[in-house]
Amino acid sequence: MRYSQLFGKTSKSVPADADSVNARLLTQAGFVSKQLSGVYNYLPLGLRVLNKIQNIIREEMNAVGGNEILMPALTQEENYVLTGRNKLDILFHLQGRDESQLVLNQSHEEVVTPLVQKNVFSYRDLPVAVYQIQNKFRNEPRAKSGLLRGREFNMKDMYSFHADNEDLDKYYETVKGAYHKVYERLGLGEITVLAYSSGGTFSKYSHEFQTFCDIGEDTIYYCGHCKIGVNKEIIDDLKGACPECGNKELEEKNAIEVGNIFKLGQRFTNAFSFTFTDNEGKLQPVEMGCYGIGPSRLMGTLVEVFHDEKGIIWPEAVAPYKVHLISLGQDEEINKEADKLYDELCEKGAEVLYDDRELSAGAKLADADLIGIPLRLVVSKKTLEQKSVEWKMRNQKDVEMVKMKDVVKKIK
Ligand code: ATP
Ligand code: MG
């Protein structure tokens, strides 16, 4: 991609209403543009990152047998009346033309349960897991911290349906493993832990995935022995001890909730009278689990964790492009060599953002640091004198001269 053709540009001015590092950097670097409080536009660079995060999640959900579907954002309020969740204060209500009451889904139990019910009749149809990646709507009392707490935000939500609790328990553990893989692949593995949290009315605990970060709204008590956490909300119920080993010397840390998995049991299947016939022909209740993860909150989290005073430092796996190529100096020879390198890299299939603008060296280098692509390549008069390109990783200080003829080979 030529930067001169890219929609969405960097900006030197700090947005007045940016209340967090991720809101500020993502806006200034041209990844997102705020629409209203807690609602964002994703510009091309931002959309590429969001897509990459979603694809990592998609691959891991597919690997545990999840079926991808897409459910509607709009739903009849009746379904929420059936589950008693029409009174949720975060639910957005709308009026249809024919007096029908509609809501914007804040989660999809009220949609997925009757949907799966239409397709599951006997024990032979179970277990089954479906998921989607879609925007959710929540009228949050306080939208804040950029992408961390939105009113319209992106979520991957998976729902699994089982013939009995034993099968649900087994699948729940499998999904836990898949979630750990997701955070690992995003570069957050070491600072993301499983934390016990309240289970709602249906089970004793749920499990959250919490990424340690100062800006995080949640307080986690971390057990160094078990490498798990306990959400402050339930620490008193647990008498201040780790639920796995009883250790009471827990470390208090701020964290961002980046995922949450629940055993819902029959909470929603009962509301819709969703049963199946077992192998003796008897009707039995269906057990259900749900598994949420927030790609847009993860994008904000990655910026909170990976940045310096100059800008974002994207982990390789989710960076919008792998290479940020810069031509420095308005000289025909420089442009020709940089163009040629760009073409060769593209031909090889490398993802390249090519800053071909007529701008000062200082401005171009500052933009590269702000945008945060992992590898920066500079072609200038100085590098061409050595038949070379300057090679620098965003997360390192050193620069290296690499012979022009070796550059393409060196890029994986
Ligand atoms: P929180 O406690 O932060 O309000 P929640 O427990 O209500 O979140 P869940 O219903 O468990 O959220 O949603 C699943 C995942 O979706 C969360 O773990 C988080 O990653 C993401 N998420 C939830 N609410 C938001 C939001 N307002 N903005 C961005 N992402 C969100
Ligand atoms: Mg949660």
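Described in the following lines is the structure provided in the data block. (Residues numbered from 1 in each chain as written. Chains lettered and ligands numbered in written order. Predicted model: local features only at pLDDT ≥ 70, side-chain atom pairs only at ≥ 80, totals over all residues. Heavy atoms only, no water.)

**Quick word on the overall build of the chain**
What the chain contains, in helices and strands, is 12 helices and 23 strands. In terms of overall dimensions, the chain has C-alpha extents of about 80 × 60 × 45 Å along its principal axes. Looking at the chain residue by residue over its 412 residues, the buried ones come to 53%. Accessible surface, the chain as shown: approximately 19,300 Å² in total, 49% of it carbon and sulfur. (Helix = DSSP H or I, 4+ residues; strand = E, 2+ residues; numbered from the N terminus. Buried < 20%, exposed > 50% of the residue type's maximum accessible area, 1.4 Å probe, protein only. Areas by Shrake-Rupley, 256 points an atom, 1.4 Å probe, with all protein chains shown as cover.)

**Things to note about empty space enclosed by the protein**
Enumeration over the complete set of coordinates arrives at 2 cavities of 30 Å³ or more. Within this model, the largest cavity holds a volume of roughly 80 Å³. Lining the largest cavity are Ser 145, Leu 148, Arg 149, Ile 215, Gly 216, Glu 217, Asp 218, Ala 255, Ile 256, Glu 257 and Arg 297. The element best represented in the lining of the largest cavity is strand E13 (residues 251–265), accounting for 3 residues. The class makeup of the residues in the lining of the largest cavity is 4 nonpolar, 2 polar and 5 charged. For the second largest cavity, the calculated volume is near 50 Å³. Lining the second largest cavity, in full, are His 324, Ala 368, Asp 369, Ile 373, Leu 375, Arg 376, Lys 392 and Arg 394. The set of elements that each furnish at least two residues to the lining of the second largest cavity consists of helix H10 (361–371) and strand E21 (375–379). (1 Å grid on protein atoms, 1.4 Å probe; cavity = no way out; pocket = protein on both sides within 12 Å on 5 of 7 lines; lining within 4 Å. Points joined across faces, edges and corners; volume = space filled by probe spheres on them. Nonpolar A, V, L, I, M, F, W, Y, C, P; charged D, E, K, R; others polar.)

**Structural notes on the sheet that holds strand E20 (residues 352–355)**
Read across the sheet, 5 strands follow the order E20-E19-E21-E22-E23 without closing on themselves; strand pairing throughout is mixed. Because the sheet does not close on itself, it has two edges, and the strands there are E20 and strand E23 (399–403). Between one strand axis and the next, the sheet turns by 25° as a mean value, whatever way the strands run. Those strands touched by helix H9 (residues 332–347) are strand E19 (323–327), E20, E21 and strand E22 (388–393), and its axis lies near 160° from that of E19. Most of the contacts of H10 go to E19, to which it runs at about 175°, and overall it touches E19, E20 and E21. (Pairing = 2+ DSSP bridges. Axes fitted to C-alpha atoms, helices over the stretch in contact; angles between N-to-C directions. Contact = heavy atoms within 4.5 Å.)

**What to know about the side chain of Lys 136**
As for its position among the elements, Lys 136 is in strand E7 (residues 128–137). One polar contact links Lys 136 to Asp 157, side chain to side chain, over a distance of 2.8 Å. Setting aside anything within four residues of it in sequence, one finds Lys 136 in contact with Asn 105, Gln 106, Ser 107, His 108, Arg 151, Glu 152, Phe 153, Met 155 and Asp 157. (Polar contact = N/O pair within 3.5 Å; in protein donor to acceptor, adjacent residues only side chain to side chain.)

**A short note on the coordination of the magnesium ion (ligand 2)**
Summarising the metal site, the magnesium ion (ligand 2) is bound by the protein donors Glu 257 (OE) and Asn 260 (OD1), whose distances to it range over 2.2 to 2.3 Å. Residue Glu 257 is classed as partly exposed on the basis of its relative accessible area of 24%. According to the relative accessible area criterion, Asn 260 is buried, its value standing at 15%. (Donors = N, O, S within 2.8 Å, 3.2 Å for Na, K, Ca; no water.)

**Thoughts on the pattern of salt bridges**
Within this structure, the stated rule accounts for 27 salt bridges. Residue Asp 169 pairs with Lys 263 through a salt bridge whose shortest N-O separation is 3.0 Å. Within this pair, whereas Asp 169 is found in helix H5 (residues 165–185), its partner Lys 263 is found in strand E13, the two being separated by 94 residues in sequence. One salt bridge connects Glu 173 with Lys 176, and the closest N-O pair in it is separated by 3.2 Å. Residue Glu 173 and its partner Lys 176 are located together in helix H5, separated by 3 residues, close to a single helical turn. (Salt bridge = Lys/Arg side-chain N within 4 Å of Asp/Glu carboxyl O.)

**Observations concerning the site of ligand 1**
Surrounding ligand 1, one finds 14 residues, the nearest of these being Arg 138, Glu 140, Arg 149, Gly 150 and Glu 257. Between ligand 1 and the protein, one listed contact pairs an oxygen atom with a side-chain N or O atom of Asn 260 at 3.1 Å. When ligand 1 is considered free in solution it has 580 Å² of accessible area, and contact with the protein chains removes 83% of it. Assessed atom by atom at 2 Å from the grid points, ligand 1 resides in the largest pocket. Of all the elements, E13 adds the most residues to the shell around ligand 1, at 4 residues. Its residues assigned to classes, the shell around ligand 1 comprises 5 nonpolar, 4 polar and 5 charged. (Near = heavy atom within 4 Å. Sits in = over half its atoms within 2 Å of the grid points.)

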